[in-house]
Amino acid sequence: MLIAETIRVAVDALRANKLRSLLTMLGIVIGIGSVITMVALGNGAQSEIQARIARLGTTVLQINPQRVNQGGVQTTSVARLTTKDVDMIRERSPHVEDVNWQQDRNLQVVWKNHNSSVQVTGTPRNFLTVRGFTIETGRMFTAQEDAGRRRVAVLGHNVLDLIGADNAEQMIGEQIRIRGVGFTVVGVLTQKGTTGFGDNDEQILIPWNTGRFQTFGTPYINDIWTLATSEDSVNVAMAEIQAAVRRSHKILAGRPDDFIIRNQSDL
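Residues numbered from 1 in each chain as written. Predicted model: local features only at pLDDT ≥ 70, side-chain atom pairs only at ≥ 80, totals over all residues. Heavy atoms only, no water.

Enquirer: What exactly am I supposed to notice about a positive patch on the surface here?
Expert: Taken together, Lys84, Arg92, Arg247 and Lys250 make up a surface patch of like positive charges. Note that Lys84 resides in helix H3 (residues 83-92). Classification of Lys84 as partly exposed rests on a relative accessible area of 42%. (Patch = residues over 30% accessible without salt bridge, like charges linked within 9 Å, V, L, I, M, F, W, Y side chains within 5 Å. Areas by Shrake-Rupley, 256 points an atom, 1.4 Å probe, with all protein chains shown as cover. Salt bridge = Lys/Arg side-chain N within 4 Å of Asp/Glu carboxyl O. Lys, Arg positive; Asp, Glu negative; His and termini not counted. Charge placed at Lys NZ, Arg CZ, Asp CG, Glu CD. Helix = DSSP H or I, 4+ residues; strand = E, 2+ residues; numbered from the N terminus. Buried < 20%, exposed > 50% of the residue type's maximum accessible area, 1.4 Å probe, protein only.)

Shown next as structure tokens:
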């Protein structure tokens, strides 16, 4: 009887105060709806961030040279990265599965009557494995083409629009001119999307030795990319890489690094 009486009193109160009851219910509905909306937006943003990091590769690390402070004054010269650093990382970093290195520069690229300034990247063929790219059409250049300094190129997906190409298949076998020199297109990368380090789809890959000796004319490396053995070993791999590059650069204990290691998850 107590429960029935309580329900009856509650119903009578609602009938007697219809407007106040309506406003109370409306406030509850709006409040709950707002909370659900905010949670959904937060989850959506988190999923987008995680998807971008996944596209970068959660086990990928990037090493770049940087200026250092000496006596409180920043030096004007930037340290150099070379293949010696790559060899030292390979030798002294057991938690690094693979290492890729590259030279890159914005150069004038011409195809037929179209021309555009595009980032040209000289890199070994393991670029796909370490950086998490795939080939949409055609193929990646071979180790033999790299060793032979062949003038072949793999286009990033968005380069097609930059040089006025209609589709990827159209470009296979076509001749483009990079810095006035002809290159044969052998492949087009699958679109990966913009990441925290820029638009990876707006670049042209050429073999490392071709770039080093014919296009860029320098032995120095702009970026070293490494692939840790697992997500759990990323921090260990970073410590190993730091020790390896410091040894390669002969940096004394207590002196700052002249390079920086970026973990993709830092984004």
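That covers the picture; the talk isn't over yet.
Enquirer: Explanation requested: the packing of aromatic side chains in the structure shown.
Expert: Centre distance and the angle of the planes are the two values used to describe a pair of aromatic rings. In this structure the tally under the stated criterion is two aromatic pairs. Ring geometry for Phe127 versus Phe133: centroids 5.2 Å apart, planes at 35°, classification tilted. What makes Phe133 buried here is its relative accessible area of 5%. A cation over a ring is seen here: Arg80 above Tyr220, with NZ or CZ 4.5 Å from the ring centre. The aromatic ring of Trp225 is capped on one face by Arg131, whose charged end is 3.6 Å from the ring centroid. (Phe/Tyr/Trp six-rings, centres within 6.5 Å; stacked < 30°, edge-to-face > 60°. Lys NZ or Arg CZ within 6 Å of the ring centre and 35° of its normal.)

Enquirer: In this structure, what is going on with the side chain of Asn100? I would like to understand it.
Expert: By secondary structure assignment, the location of Asn100 is in strand E4 (residues 96-111). The exposure class of Asn100 is buried, given its relative accessible area of 0%. In this structure the side chain of Asn100 is engaged in a polar contact, spanning 2.8 Å, whose partner is the side chain of Thr123. Contacts of Asn100, omitting those with residues within four sequence positions, involve Thr123, Pro124, Asn126, Phe127, Val130, Asp223, Ile224 and Trp225. (Polar contact = N/O pair within 3.5 Å; in protein donor to acceptor, adjacent residues only side chain to side chain. Contact = heavy atoms within 4.5 Å.)

Enquirer: Help me understand the pattern of salt bridges, please; the structure alone is not making it clear to me.
Expert: Opposite charge on two side chains permits them to pair, given that their charged atoms come into close proximity. This model, assessed by the stated rule, comprises two salt bridges. Residue Glu145 is joined to Arg139 by a salt bridge in which the shortest nitrogen-to-oxygen separation is 2.8 Å. According to the relative accessible area criterion, Glu145 is buried, its value standing at 9%. Of the residues examined, Arg139 reaches a relative accessible area of 36% and is grouped as partly exposed. Here Arg246 ties to Asp257 by a salt bridge, and the two come within 2.5 Å at their closest N and O atoms. Taken together, the residues Arg246 in helix H9 (residues 234-248) and Asp257 in the loop between H9 and strand E14 (259-263) connect sequence positions 11 residues apart. A relative accessible area of 18% places Asp257 in the buried class.

Enquirer: When you look at the packing of H3 against H9 in this model, what are you seeing that I'm missing?
Expert: Angle between the axes and distance between the axes are the two parameters that describe a pair of packed helices. Where H3 contacts H9, the two axes come as close as 9 Å, and the packing angle between them is 135°. Between H3 and H9, the crossing angle belongs to the class labelled oblique. Helix-helix and strand crossings are classified by hand; for H3 and H9 the assignment is right-handed. Residue-level inspection shows Lys84, Asp85, Met88, Ile89 and Arg92 of H3 in contact with H9, the latter providing Glu240, Ile241, Ala244, Val245, Arg247 and Ser248. Of the residues assigned to the contact of H3 with H9, the class counts are five nonpolar, one polar and five charged. (Axes fitted to C-alpha atoms, helices over the stretch in contact; angles between N-to-C directions. Parallel < 35°, antiparallel > 145°, perpendicular 65-115°, else oblique. Left-handed = near helix turned anticlockwise from the far one by under 90°. Nonpolar A, V, L, I, M, F, W, Y, C, P; charged D, E, K, R; others polar.)

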